[in-house]
Amino acid sequence: MRKAMGVDIGGTKVAAAIIDEQGRITHRVQVPSDTSSSEAMLACVVGVIDACLAEAGVDVSNLTGIGLGIPGKVDSLNGVAIFQNNIPWENFPVVARLADRYAQVPIAIENDVKAAAYAEYRLAGMGPLDVFGYLTVSTGIACTNIVNHQIIRGDGFSGEIGFLPVPSSTGLRPLESVCAGPGIEAMARALYLDDRITVAQVFARALKGEQIANELVDQSAMGVAIGLFAMICLLDPKEIVIGGSVAVKNPFYVERIKAVLERYAHKEQMHILPHIRVTDLGGDNGIIGAGFLVMPAQDIQVF
């Protein structure tokens, strides 16, 4: 059975795992990120890759490759990390630098949300003409669409749906600032006059029926529903998976999003409602998708 390494890179941690063709993780290593410089960050990534290989007891040449999910804008074709808010890799040739050490195998990079979406897509059993959608709601909000194993990238910055203006209690604001975790938390602290309240507490209070908390959750659900509705109107996906900590930890929130969609969707769009679901992979979809980048599917058809 083929195996690959997936590496999920973030501003706080770097995780590497060996995965098989079914997306199962066999070995995993995680370390804190070293963002003190571009070279320190690269050394951190190399360290976690080597540690994972050692733990698994395999040589890198026995893998189909190494795939990396990186936040922000990446040039996947040329292997360059273009811009990241939380990693010091501006226009950094990640693939070329890693190839100096791991020349025996292919190396690929992708935006972390797109990598997570690709894991969901590969395991969803989509047909070659089916449009697949993925949305993450966490500290940020972004989306990805995939058709026939092709990630829709545009000019490299596609999927940044977090910029979409949506209604809020203070007028139109970017979706991410209203509906992502930090936005919900900031509004909650202002309304509750409590600088210690967390997103988790907002959702817990909403479940208990607190009016303010429910209004915040409903406002977020409305904004995300608008974002999803835009995806549906433009591309008519067959399936949409929602990931990210806000969604994964609060399944009732996703049901509220779907309830909003049901009010506004055209009858010819209703087919999507039963096919909007929370990820089954939790926080592992990014590392699995990164591995899949260098493990081509056996059934790819190109039209």
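Position labels on residues start from 1 in each chain and follow its written sequence. Only residues with pLDDT of at least 70 are given local features in this predicted model, and only at 80 or more are side-chain atom pairs given and counted; all residues enter the totals for whole chains, interfaces and linings. Side-chain calculation: all heavy atoms of the structure are included, whereas hydrogens and water are not.

This next bit is on the nonpolar core. Among buried residues, those of type Ala, Val, Leu, Ile, Met, Phe, Trp, Tyr and Cys that are joined through side-chain atoms within 4.5 Å constitute a nonpolar core. Using a 1.4 Å probe on the protein chains alone, a residue whose accessible area is under 20% of its type maximum counts as buried, one over 50% counts as exposed, and one in between counts as partly exposed. Counting residues in each nonpolar core, the largest one holds 41 residues, and the members touching the most others are Leu135, Ile141, Val224, Leu228 and Tyr253. In DSSP terms, a helix is any run of H or I states spanning at least four residues, a strand is any run of E spanning at least two, and both are numbered starting from the N terminus. The element contributing the most residues to this core is helix H7 (residues 211-235), with 9 residues. Note on contacts: a residue pair qualifies if any of its non-hydrogen atoms lie within 4.5 Å across the two residues. Beyond its immediate stretch of four places on either side in the chain, Ile141 contacts Leu135, Thr136, Ile161, Gly162, Leu175, Glu176, Cys179, Ala180 and Val224. By size, the runner-up hydrophobic cluster in this structure holds 34 residues, among which are Leu42, Leu63, Ile87 and Val95.

Further remarks concern the pairing of strand E2 (residues 13-20). Most of E2 is tucked away: 7 of the 8 residues are buried. Bridge count for strand E1 (residues 3-9) against E2 is 7 bridges, and the pairing is antiparallel. Along E2, the bridge assignment pairs Ala4 with Ile19. DSSP-based pairing: two strands are paired if at least 2 bridges between them are found. Once E1 ends, the chain turns through 3 residues before running back antiparallel as E2. When E2 meets strand E3 (residues 25-32), the two strands line up antiparallel, connected through 7 bridges. Residue pairing in the sheet places Val14 in a bridge with Val31 of E3. Hairpin remark: E2 followed by E3, antiparallel, with 4 residues in the connecting loop; positive phi at Gly23, about 80 degrees.

A few words now on the sheet that holds strand E10 (residues 150-151). Strands sit in the order E10-E9-E8-E13-E14 across an open sheet of 5 strands; the sheet is mixed. Of all the strands in the sheet, the pair left with one neighbour each is E10 and strand E14 (276-278). Of the strands in this sheet, strand E8 (131-137), strand E9 (141-147), E10, strand E13 (239-243) and E14 touch helix H3 (residues 112-124), which is tilted by about 135 degrees from E8. Angular values range over 0 to 180 degrees, each being the angle between N-to-C directions of two axes fitted as lines to C-alpha atoms, with helices fitted over their stretch in contact.

Below, the discussion takes up the pattern of salt bridges. What counts as a salt bridge is simple: a side-chain nitrogen of Lys or Arg found within 4 Å of a carboxyl oxygen of Asp or Glu. As enumerated under the stated definition, the model contains 14 salt bridges in all. Measuring nitrogen to oxygen at the nearest pair gives 3.5 Å for the salt bridge that ties Lys238 to Asp130. Pair noted here: Lys238 is in the loop between H7 and E13 and Asp130 is in the loop between H3 and E8, with a separation of 108 residues, a long-range link. Note on Lys238: relative accessible area 45%, which makes it partly exposed. With its nearest N and O atoms 3.4 Å apart, the salt bridge here joins Glu185 to Arg189. Note that Glu185 and Arg189 are positioned in helix H5 (residues 181-192) at a spacing of 4 residues, about one turn of the helix.

So, on to the state of the cysteines. The term disulfide is used for any two cysteine sulfur atoms that are within 2.5 Å. One pass over the structure, following the stated rule, counts 0 disulfides. The structure places no disulfide on Cys143, whose sulfur is separated from the nearest cysteine sulfur, that of Cys233, by 13 Å. Since its relative accessible area comes to 47%, Cys233 is described here as partly exposed.

The way it works is a 1 Å grid over only the protein atoms, where trapped points that fit a 1.4 Å probe form a cavity and open points with protein on both sides within 12 Å along at least five of seven lines form a pocket, and then any residue with an atom within 4 Å of a point lines it. Grid points are joined across faces, edges and corners, and a volume is the space filled by probe spheres set on the points. One pass over the full model with this rule turns up 1 cavity of 30 Å³ or more. The computed volume of the largest cavity comes to approximately 80 Å³. If you trace the largest cavity, you find it lined by Gly72, Lys73, Val74, Ser76, Glu110, Asn111, Lys114, Arg153, Gly156, Phe157, Ser158 and Glu160. Residue assignment for the lining of the largest cavity shows that the elements contributing at least two residues are strand E5 (73-75) and strand E7 (107-111). Gly is placed with the polar residues, together with every amino acid not listed as nonpolar (Ala, Val, Leu, Ile, Met, Phe, Trp, Tyr, Cys and Pro) or charged (Asp, Glu, Lys and Arg). Grouping the amino acids of the lining of the largest cavity by side-chain chemistry returns 2 nonpolar, 5 polar and 5 charged.

Grouping into patches uses exposed residues only, defined as over 30% relative accessible area, and leaves out salt-bridged ones; the cut-off is 9 Å for like charges and 5 Å for nonpolar side chains (Val, Leu, Ile, Met, Phe, Trp, Tyr). For accessible areas, the Shrake-Rupley method is used with a probe of radius 1.4 Å. Any residue's cover is judged against the shown protein chains and nothing else. Taken together, the side chains of Ile152, Leu234 and Leu235 make up a nonpolar region of the molecular surface, amounting to roughly 290 Å² of accessible area. Positionally, Leu234 belongs in helix H7. Judged by relative accessible area, which is 74%, Leu234 ranks as exposed.

Rolled over the atoms, a probe sized like a water molecule indicates the empty space that remains. Here the largest pocket is characterised by a volume of approximately 1200 Å³. Around the largest pocket, the lining is made up of 42 residues, and of these Pro71, Asp112, Val113, Thr139 and Gly140 lie nearest the centre. Looking at the lining of the largest pocket, the elements that each hand over two or more residues are E1, E3, H3, E8, E9, helix H4 (175-179), helix H8 (245-248) and helix H10 (285-292). Among the elements that make up the lining of the largest pocket, the one with the highest residue count is H3 (3 residues). Of the residues contributing to the lining of the largest pocket, the split by class is 12 nonpolar, 22 polar and 8 charged. In this structure, the second largest pocket spans a volume of roughly 410 Å³. Lining the second largest pocket are 21 residues, and of these Glu110, His149, Ile151, Arg153 and Leu293 sit closest to its centre. Listed by contribution, the elements that provide at least two residues to the lining of the second largest pocket are E5, E7, H3 and E10. For the lining of the second largest pocket, the element with the highest residue contribution is E7, accounting for 3 residues.

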